Amino acid sequence: MRNERRLLTLILGTLLTMLTASCGEEAKEHIAPPIYPKDSVSMMTSYGVNTLISDSGVIKYRIVTERWDVNTIRMPNRWEFMKGIFFEQFDEQFHVQAYIQADTAWYYDKLKLWKLRGRVRIRNNNGLLYRSEELYWDGIRHELYSYVFSRVTSPERTLQGTYFRSDERMTRYTVSNSKGSFVPEDNTGDDKSTTQGDSTTIQAPIRPAAVKHAKTTAPETTSED
């Protein structure tokens, strides 16, 4: 009798162990891997984009890019331009005021903030050229700024520094921790004067635009205000 009880106990124990292992394997097999923000995919991808962007019903920019991803899953929502981007910036009369380009770019829709990285270049119709590796463009404050090395070259001067801030049209800008050279307006004394200090603020001369009206047949895309 005792042997039968021991055998029954052994059989029940073995069956319980097998059932427990089977349930564990089944549960483990159906567990999905975790989802991280970096795994989220774009909601829309467009290729070969050449389009106009308006603000409050007024056309402000033309965007040209090889690839445009719209991601509404990641927070904050963003547009991604991983193949480079090129802007044309217009005034109220649809005259081209500036050209902007970068190797990569992100636009955070709700923040109205652009982040440009990799060979960032800006050239306006006053002959000013800006070069850096990173630049932020605040659409709410209507200003540009950078915390990395930047170089600003104009017909009158060349400045460089590790902090840059400017209005959208690059007519008034500040370069901090800067050094550079410029030609004095009275053209007396030495050919060039050199300035070096913590901060240099420049009010650029405003020249009349000599650019023809831009023409395009691209569809208009309205950005959210």
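Residues numbered from 1 in each chain as written. Predicted model: local features only at pLDDT ≥ 70, side-chain atom pairs only at ≥ 80, totals over all residues. Heavy atoms only, no water.

*Asks:* Teacher, can you tell me more about the overall build of the protein here?
*Replies:* Scanning the protein from N- to C-terminus turns up one helix and 15 strands. Counting every position in the protein, which comprises 225 residues, the buried fraction comes to 37%. Counting every atom, the protein has about 14500 Å² of accessible surface; 54% of that belongs to carbon and sulfur. (Helix = DSSP H or I, 4+ residues; strand = E, 2+ residues; numbered from the N terminus. Buried < 20%, exposed > 50% of the residue type's maximum accessible area, 1.4 Å probe, protein only. Areas by Shrake-Rupley, 256 points an atom, 1.4 Å probe, with all protein chains shown as cover.)

*Asks:* What exactly am I supposed to notice about the pattern of salt bridges here?
*Replies:* If the charged atoms of two oppositely charged side chains come close together, the side chains can form a pair. Throughout the structure, instances matching the rule amount to six salt bridges. Residue Asp69 is joined to Arg67 by a salt bridge in which the shortest nitrogen-to-oxygen separation is 3.0 Å. Of the charged contacts in the structure, one is a salt bridge between Glu143 and Arg165, with a shortest N-O distance of 2.4 Å. Placement of the pair is Glu143 in strand β9 (residues 143-146) and Arg165 in strand β12 (residues 163-167), with a sequence separation of 22 residues. Exposure remark for Arg165: the relative accessible area of 24% places this residue in the partly exposed category. (Salt bridge = Lys/Arg side-chain N within 4 Å of Asp/Glu carboxyl O.)

*Asks:* Would you mind showing me how to read the packing of aromatic side chains here?
*Replies:* Aromatic ring pairs are described here by two measures, namely the spacing of the ring centres and the angle between the planes. For the structure on display, the rule yields 17 aromatic pairs. With 5.2 Å between their ring centres and 90 degrees between their planes, Tyr61 and Trp137 make a pair best called edge-to-face. On the criterion of sequence distance, the pair formed by Tyr61 in strand β2 (residues 58-71) and Trp137 in strand β8 (residues 129-138) is long-range, its members being 76 residues apart. Each member of the pair, Tyr61 together with Trp137, is buried. Aromatic side chains Phe86 and Tyr99 sit 6.0 Å apart centroid to centroid with 25 degrees between the ring planes, which places their arrangement in the stacked category. Linking Phe86 in strand β4 (residues 85-90) with Tyr99 in strand β5 (residues 96-102), this pair joins segments that are 13 residues apart in sequence. (Phe/Tyr/Trp six-rings, centres within 6.5 Å; stacked < 30°, edge-to-face > 60°.)

*Asks:* Just to check I follow, could you spell out the pairing of β2 for this structure?
*Replies:* The side chains of a regular strand alternate between both faces of the sheet. Across eleven bridges, strand β1 (residues 44-55) lies against β2 in antiparallel orientation. The residue of β2 that forms the bridge with Val49 is Thr65. The turn joining β1 and β2, which pair antiparallel and follow one another in sequence, is formed by two residues; a positive phi near 55 degrees is taken by Ser56. Pairing geometry for β2 and β4, over four bridges, is antiparallel. Paired with Ile63 across the bridge in β4 is Phe87. (Pairing = 2+ DSSP bridges.)

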